[in-house]
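# Tertiary structure, described
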Protein chains: 2
Amino acid sequence: MAKKEPASVSMLVLALLKGREMYGYQIIEELDKRSEHVFQMKEGTLYPVLHGLEKERLVTAREAVTEKGRTRRYYTITEKGLRVLDEKEKEWRTFSTAVTAILAGA
Amino acid sequence: MAKKEPASVSMLVLALLKGREMYGYQIIEELDKRSEHVFQMKEGTLYPVLHGLEKERLVTAREAVTEKGRTRRYYTITEKGLRVLDEKEKEWRTFSTAVTAILAGA
DNA sequence: TTGACATACATAGAGCATCTAGGTATAATG
DNA sequence: CATTATACCTAGATGCTCTATGTATGTCAA
């Protein structure tokens, strides 16, 4: 298809980061919670996506250590990331609307 | 993700065939029209999908020749195909709802 | 105190849906 | 008569996501 489906995982991650900075493991939990268990992302899916987003400068990362001694990588969405998210959201709406029209038997 | 995205192309094709039998080329045109040019499927995408659906007995095919002499393969959705379509539609709604919730910043 | 489970990061390789690019053949159109 | 539209087809590449692992530490129950 000409207008391909927007890459869902990266869009969802960027959408979560729009609200506040988050670390990987937390993103997985939040996605599960906010989607009411529809999105149970695996670490093997998320971490490569986060590294990709960082490489494209859609997010930045900082390392932090909790009082307990755990190391976490916190991700923040960039200006560029916000623009890309906006674009992906538009594509999603277009795609979703089209699917709905077909299913409805327009 | 645990609940993966429903295979969109086959779902859309089955949805179109729900109304009436159609041949390949026609499916491409109808998808384009009904989606308002969002889905511009390529033949290289559609034909293998149709063959797969036929193999799984979700559709049946018959060959027909027009007065003009053109050969067409008309596809009809089967009972099994209707059940699978129903299932895919449900999955789509679940998926779509979840994405919307995340984008809304639930 | 040890075994199990949760937290938190990571990578390599497989799987699968779709796309790109090519092919065949006939009808219509300018 | 050459180009475009119709109508079918396949092989191979691409790219996203998953499976399967691996490392390391913290917590909690038996």
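Rules of the game
- Residues numbered from 1 in each chain as written.
- Chains lettered and ligands numbered in written order.
- Predicted model: local features only at pLDDT ≥ 70, side-chain atom pairs only at ≥ 80, totals over all residues.
- Heavy atoms only, no water.
- Salt bridge = Lys/Arg side-chain N within 4 Å of Asp/Glu carboxyl O.
- Helix = DSSP H or I, 4+ residues; strand = E, 2+ residues; numbered from the N terminus.
- Buried < 20%, exposed > 50% of the residue type's maximum accessible area, 1.4 Å probe, protein only.
- Contact = heavy atoms within 4.5 Å.
- Buried area = accessible area lost by both parts, 1.4 Å probe.
- Polar contact = N/O pair within 3.5 Å; in protein donor to acceptor, adjacent residues only side chain to side chain.
- Nonpolar A, V, L, I, M, F, W, Y, C, P; charged D, E, K, R; others polar.

## Overview of the pattern of salt bridges
Residue and element names in this part refer to chain A. Evaluated as defined, the whole model comprises 16 salt bridges over all chains. Of the charged contacts, one joins arginine 93 and glutamate 89 as a salt bridge, the two residues approaching to 3.4 Å between their closest N and O atoms. Of this pair, arginine 93 and glutamate 89 both sit in helix α4 (residues 79–104), four residues apart, which is roughly one turn of that helix. Judged by relative accessible area, which is 46%, arginine 93 ranks as partly exposed. Connected through salt bridges with shared partners, the residues Arg20, Glu30, Lys33 and Arg34 form a single ionic network.

## Some details on the interface of chain B and chain A
With 31 residues of chain B in contact, the opposing surface of chain A contributes 31 residues. Summed over both sides, the interface of chain B with chain A buries roughly 3000 Å², with 73% coming from carbon and sulfur. Our count for the contact surface shared by chain B and chain A stands at zero salt bridges. Counting every contact that joins chain B to chain A gives zero residue pairs in polar contact (both at pLDDT 80 or more). Elements supplying a minimum of two residues to the side of chain B that touches chain A: α1 (8–19), α2 (24–34) and α4 (79–104) of chain B. Ranked by the residues each element gives to the side of chain B that touches chain A, the list is headed by α4 of chain B, at eleven residues. Class assignment of the residues belonging to the side of chain B that touches chain A gives a composition of 19 nonpolar, eight polar and four charged.

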